[in-house]
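Chain and residue survey
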Amino acid sequence: MAMNYNAKEEVDGHQVVAGSSHSGPGVGGGGVAGGGGGVGGGAALKSRKPDNTAFKQQRLPAWQPILTAGTVLPAFFVIGLIFIPIGIGIFVTSNNIREYEIDYTGTEPGSPCNKCLNVSWNSTPCHCTINFTLDQPFESNVFMYYGLSNFYQNHRRYVKSRDDSQLNGNNNSLFNPSKECEPYRTSEDNKPIAPCGAIANSMFNDTLTLYHFDPNGTHLIPLNKKGIAWWTDKYVKFRNPVGDDNNLTVLFRGTAKPINWPKPVYMLDSDPDNNGFINEDFIVWMRTAALPTFRKLYRLIERKDSLLPTLPAGKYSLAITYNYPVHSFDGRKRMILSTISWMGGKNPFLGIAYITVGSICFFLGVVLLIIHHKYGNRNNSADIPN
C-alpha cells in the first residue's frame, strides 16, 4: 500500500502518518502493524515528549519576589546604611597607611640617575644616590617595593616562556628545557639555559640600599631579603635539582646562565637556603603581573623596638646600583616604602566604591520614597468602573 511519509503530524509527542485513521483497526492490523512496508515492522517510533518529571516539565517550586514599595524602599536604605560606614572605615584605614615613592628612572636632566639612563644589560653597573626626607615616621613594619611601568608581563608569549618542571627541580627538564622557552632555551654553545625562558632572562637586577642620616652620623638600614615570596612558591613550586652532592655548582654543571644575567643561578646568594631556583628575589619576579604598571616586594624592614618607629622622620639616602634598562621601551622605575594594615596596602578605591554605592542606594531610596508618598495612593482612590 503506498503511503505519503512527507506529510506528518505529531499528536501527544508521537508521529502519526497523515491520512491514516486513529480509530480504524485496519491501520494497526493491516497497514502499520503488518509486515512488508509497515512502519511498525521496522522500529517503534520514539516519542519526543519530555519525561513527566517536575524538572523536565518545569514544575519545581520557585520563589518569585513581588517588588513593592514595602520591600524595595527598606532594601535601598539598608544597603546605604551598611555600605557607607564600611566605605568610610576602609577609606580612613587606607589613608592611615604611610607610603613614600621615589622615581629613579633618570629621564629628567637634573636627576642624579640621569647619567645611568642609557645603561644596557652588558654594560658596567652605574651608581647613583637620591636623598629624600620623610616628614612622618613609619611606625610598623615597612615593606620596600620596586615598581616598573610600561612593562607588559602579561603578554601571552612572555607568560608561557618558562619551564615549570625545570623550576621544580626536575633533572631531565634541567638539561632538556621545554620548547616554550625559545629563543631562551639554549645558549650559543648549545648548552641548556637554567632557568630558561623570557621571564627569567628579564629578571629585575637593580640593587637598592637605604641609609638614615641622624645627628650621630649615617646608619645603614637593615633590609631583610627573606620572607618576601609566597610560601607555596618557596616550598612547593620552586625547588633546586637534587643529586649525590648538594653543591649547586656541581648540580648545575653543564648548563648556561640566562643571556642577560651577569652570573649563573647558583651564584645569586651566598646563603644556601636562598640560592638557585629558591632565591626569593627570583621567585618574586617569576610571579608575573597582570598590568603593565606594577610593584613587587623587594625587601622587609622589620620593627625592632615597639617604643620606636621603624623609620623615624628625617633625612634618608637611597643608593642605587643601576643595572636594569628601561629607557629603550619608555619604562620607568621607582622605589616604594609602605606600611600595611589589616586590609593590605594603600588602596583608596575600595572605600570610595563602597561609599559611592551606598550613597546611590540611599539617594534612590529617598527619591522613591517621595514618589511613593506623592503618587502611591492614586490607584487605591481611583474609581474603577464595572
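Note that the structure is predicted; figures quoted are calculated from it, not measured.

1. What about the sheet that holds strand 10 (residues 332-338)?
What the four strands build is an open sheet, ordered 3-10-5-8; its pairing is antiparallel. Every interior strand has two partners, whereas the edge strands, strand 3 (99-103) and strand 8 (294-301), have only one. Looking at each pair of strands side by side, their axes are set apart by 20° on average, direction ignored. Pairing of strand 3 with strand 10, which is carried by five bridges, proceeds in the antiparallel orientation. By the bridge assignment for strand 10, Y100 is matched with L337.

2. Section: the nonpolar core
The biggest cluster of nonpolar side chains holds 61 residues, and the ones touching the most others in it are Y104, F282, W285, L311, I320, Y322 and L337. The leading source of residues in this core is strand 5 (residues 142-149), at six residues. Excluding anything up to four places from it in sequence, L337 contacts R98, E99, Y100, F132, F138, V142, F143, M144, L210, I301 and L311.

3. Notes on the confidence of the model for the protein
Mean pLDDT over the protein works out to 87, with 86% of the residues at or above the 70 mark. A low-confidence stretch, residues 1-42 stays under pLDDT 50, and its non-local contacts, those more than four residues away or across chains, total 41 contacts.

4. Topic: helix 10 (residues 348-375)
In a regular helix each residue adds 1.5 Å, so 28 residues correspond to 40 Å; helix 10 covers 40 Å between its end C-alpha atoms and thus fits that length. Elements in contact with the buried residues of helix 10: helix 2 (69-95).

5. A few points about the state of the cysteines
Enumeration over the complete set of coordinates arrives at three disulfides. The disulfide bridge from C113 ends at C128, spanning 2.1 Å between sulfur atoms. Judged by the sign of its S-S torsion, about 80°, the cystine formed by C113 and C128 is right-handed. In this pair, C113 is assigned in the loop between strand 3 and strand 4 (126-134) and C128 in strand 4, connecting sequence segments 15 residues apart. Neither C113 nor C128 differs from the other in exposure class; each is buried. Across a sulfur-sulfur distance of 2.1 Å, C181 and C196 are joined as a disulfide pair. Highlighted residues: C181 in the loop between helix 5 (171-175) and helix 6 (198-201) and C196 in the loop between helix 5 and helix 6, separated in sequence by 15 residues. In this structure C181 comes out as buried when scored by relative accessible area, which is 0%. Overall, C196 belongs to the buried group, its relative accessible area being 2%.

6. A short note on the environment of L208
By the element assignment, L208 lies in strand 6 (residues 207-214). A residue is classified by how much of its surface remains accessible, and L208, at 3% relative accessible area, is buried. Excluding anything up to four places from it in sequence, L208 contacts Y104, M144, L223, Y298, L318, A319, I320 and M335.

7. Some remarks on the packing of helix 2 against helix 10
Following both chains from N to C, one finds helix 2 and helix 10 inclined at 155°, their axes separated by 7 Å at the closest point. Considering their axes alone, helix 2 and helix 10 lie roughly antiparallel with respect to each other. As for the relative orientation of helix 2 and helix 10, their crossing is left-handed in sense. Residue composition of the contact of helix 2 with helix 10, grouped by class: 25 nonpolar, eight polar and no charged.

8. A closer look at the packing of aromatic side chains
In total, this model carries 21 aromatic pairs according to the counting rule given. Geometrically, the ring pair formed by Y146 and F204 is stacked, given 4.0 Å between the ring centres and 5° between the ring planes. Of this pair, Y146 sits in strand 5 while F204 sits in the loop between helix 6 and strand 6, and the two are 58 residues apart along the sequence. Its relative accessible area of 3% is what places Y146 among the buried residues. For F204, a relative accessible area of 7% puts it in the buried group.

9. Some details on unusual backbone geometry
Cis peptide bonds are those with omega within 30 degrees of zero, and the linkage from E182 to P183 qualifies with 5°. Residue P195 is reached from A194 by a cis peptide bond, and omega for that bond is -5°. When you line up the elements, P195 lands in the loop between helix 5 and helix 6. Even without a glycine there, the phi angle at D330 is positive, about 55°. With respect to the helices, strands and loops of the structure, D330 is situated in the loop between strand 9 (314-322) and strand 10. By relative accessible area, which is 61% here, D330 ends up exposed.

Calculation rules
- Residues numbered from 1 in each chain as written.
- Predicted model: local features only at pLDDT ≥ 70, side-chain atom pairs only at ≥ 80, totals over all residues.
- Heavy atoms only, no water.
- Pairing = 2+ DSSP bridges.
- Helix = DSSP H or I, 4+ residues; strand = E, 2+ residues; numbered from the N terminus.
- Axes fitted to C-alpha atoms, helices over the stretch in contact; angles between N-to-C directions.
- Core = buried A, V, L, I, M, F, W, Y, C linked by side-chain atoms within 4.5 Å.
- Buried < 20%, exposed > 50% of the residue type's maximum accessible area, 1.4 Å probe, protein only.
- Contact = heavy atoms within 4.5 Å.
- pLDDT = per-residue confidence, 0-100.
- Expected span 1.5 Å × (residues − 1).
- Disulfide = S-S within 2.5 Å.
- Parallel < 35°, antiparallel > 145°, perpendicular 65-115°, else oblique.
- Left-handed = near helix turned anticlockwise from the far one by under 90°.
- Nonpolar A, V, L, I, M, F, W, Y, C, P; charged D, E, K, R; others polar.
- Phe/Tyr/Trp six-rings, centres within 6.5 Å; stacked < 30°, edge-to-face > 60°.

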